[in-house]
Amino acid sequence: MANAQDARATLVERFFQGTGDSYDFMVNAATFGIDKLWKRRIVSLIPSQSRRVADLACGTGISTLAIARKLPRCQVVGVELRDEYLSIAREKVRRYGVANVELVLSRAEDYQCPEPFDCIASSYLAKYADIPRLVDNATHMLAPGGLLLMHDFTYPPKPQLVRLWRLYFYLLQRVGGRWFPNWREIYHGLPELIQQTRWTEELTAALQAQGFTEIRQQDLTLYGSAFITARRAP
């Protein structure tokens with residue numbers, strides 16, 4: 001288990017080292033602006049009455065700040081493994097004067113908090129995560145009836161969509177890798193990771209094992225990504 005966790009942490013370090021300053025631009029440009037739609041969807045799914053929300057693998061704080069702005073009476077805790085990214089999130093919080101955000105340096109699977117959350121959300125975490133451990137921690141941190149919401153890339157199930165998917169990454173590798181060398185590693189490594197991961201199946205199984213209810217999957221953007229939502233049993 002420890003070796004698997006170390007391998008995941010090493011992969012994240014290899015993919016994202018030196019990319020913090022360009023992340024916000026690149027995540028928007030590389031998805032042709034669709035990432036903004038996905039982030040809005042995340043924010044819209046968070047229950048409006050939430051008083052505490054955790055944003056796991058919060059990166060540079062894009063979702064964290066969006067949640068905090070929409071729910072100003074809600075305490076939003078952003079958890080991020082890489083200090084390079086968290087430093088950018090801290091600067092955003094300071095610059096925009098957002099008072100209801102707390103930022104924590106931690107691996108998502110290791111983070112624990114005795115004060116319960118009404119919602120735990122994440123984007124782009126699941127394919128790297130130790131999902132059984134992540135769900136076990138979420139079970140203990142969520143209030144009864146609390147919502148778990150996870151979003152990440154998926155491998156398309158249909159041959160014609162796979163061809164489009166491969167063309168997309170080919171263009172990223174040829175064009176993006178040339179103009180943004182810090183991103184070359186992820187452009188080449190991410191397709192293989194997405195093709196290998198079974199995060200949707202693993203997450204669904206882990207949620208069922210922990211007794212979560214209302215487990216739902218929504219496929220997005222030609223099956224290129226998905227949301228899974230579930231509620232902790234009351």
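Source: prediction; values computed, not measured.

Colleague: Mind showing me how you'd approach the nonpolar core here?
Modeller: Generally speaking, a soluble globular protein has its nonpolar side chains buried in company with each other. Formed by 41 residues in total, the largest nonpolar core has its most connected members in Phe 16, Tyr 128, Trp 183, Ile 186 and Leu 190. A per-element tally of this core places helix 8 (residues 184-196) first, with five residues. In this structure, Trp 183 is in contact with Phe 16, Thr 19, Ser 22, Tyr 23, Met 26 and Tyr 85, ignoring residues within four places of it in sequence. Counting residues in hydrophobic clusters, the runner-up holds 29 residues, among them Cys 113, Leu 148, Ile 228 and Ala 230.

Colleague: Would you explain the pattern of salt bridges in this entry?
Modeller: Should their charged atoms come close, side chains of opposite charge can pair. Per the counting criterion, the structure on display carries 13 salt bridges. The closest approach of N and O atoms between Lys 39 and Asp 35, which form a salt bridge, is 2.7 Å. Of the two residues, Lys 39 and Asp 35 both sit in helix 3 (residues 34-45), four residues apart, roughly one turn of that helix. Judged by its relative accessible area of 2%, Asp 35 is buried. Close ionic contact of Asp 110 with Arg 133 constitutes a salt bridge, the shortest N to O distance being 2.7 Å. Separated by 23 residues along the polypeptide, Asp 110 in the loop between strand 3 (101-105) and strand 4 (117-123) and Arg 133 in helix 6 (residues 131-141) bring together distant segments of the chain. One network of salt bridges, with partners in common, ties together Glu 91, Arg 94 and Arg 95.

Colleague: Looking at this structure, how should I read the packing of aromatic side chains?
Modeller: To describe a pair of aromatic rings, one takes the distance between the centres and the angle between the planes. This structure, assessed with the given rule, holds 16 aromatic pairs. Look at Tyr 155 and Trp 165: their rings are 4.9 Å apart centre to centre, the planes differ by 90°, and that puts the pair in the edge-to-face class. Pair noted here: Tyr 155 is in the loop between strand 5 (142-153) and helix 7 (159-179) and Trp 165 is in helix 7, with a separation of 10 residues, a long-range link. Every member of this aromatic cluster is reached through a ring pair, and the members are Phe 15, Phe 16, Tyr 23, Tyr 85, Tyr 128, Trp 183 and Tyr 187. Against the face of Tyr 96 rests Arg 69, its NZ or CZ located 4.8 Å from the ring centre.

Rules of the game
- Residues numbered from 1 in each chain as written.
- Predicted model: local features only at pLDDT ≥ 70, side-chain atom pairs only at ≥ 80, totals over all residues.
- Heavy atoms only, no water.
- Core = buried A, V, L, I, M, F, W, Y, C linked by side-chain atoms within 4.5 Å.
- Buried < 20%, exposed > 50% of the residue type's maximum accessible area, 1.4 Å probe, protein only.
- Helix = DSSP H or I, 4+ residues; strand = E, 2+ residues; numbered from the N terminus.
- Contact = heavy atoms within 4.5 Å.
- Salt bridge = Lys/Arg side-chain N within 4 Å of Asp/Glu carboxyl O.
- Phe/Tyr/Trp six-rings, centres within 6.5 Å; stacked < 30°, edge-to-face > 60°.
- Lys NZ or Arg CZ within 6 Å of the ring centre and 35° of its normal.

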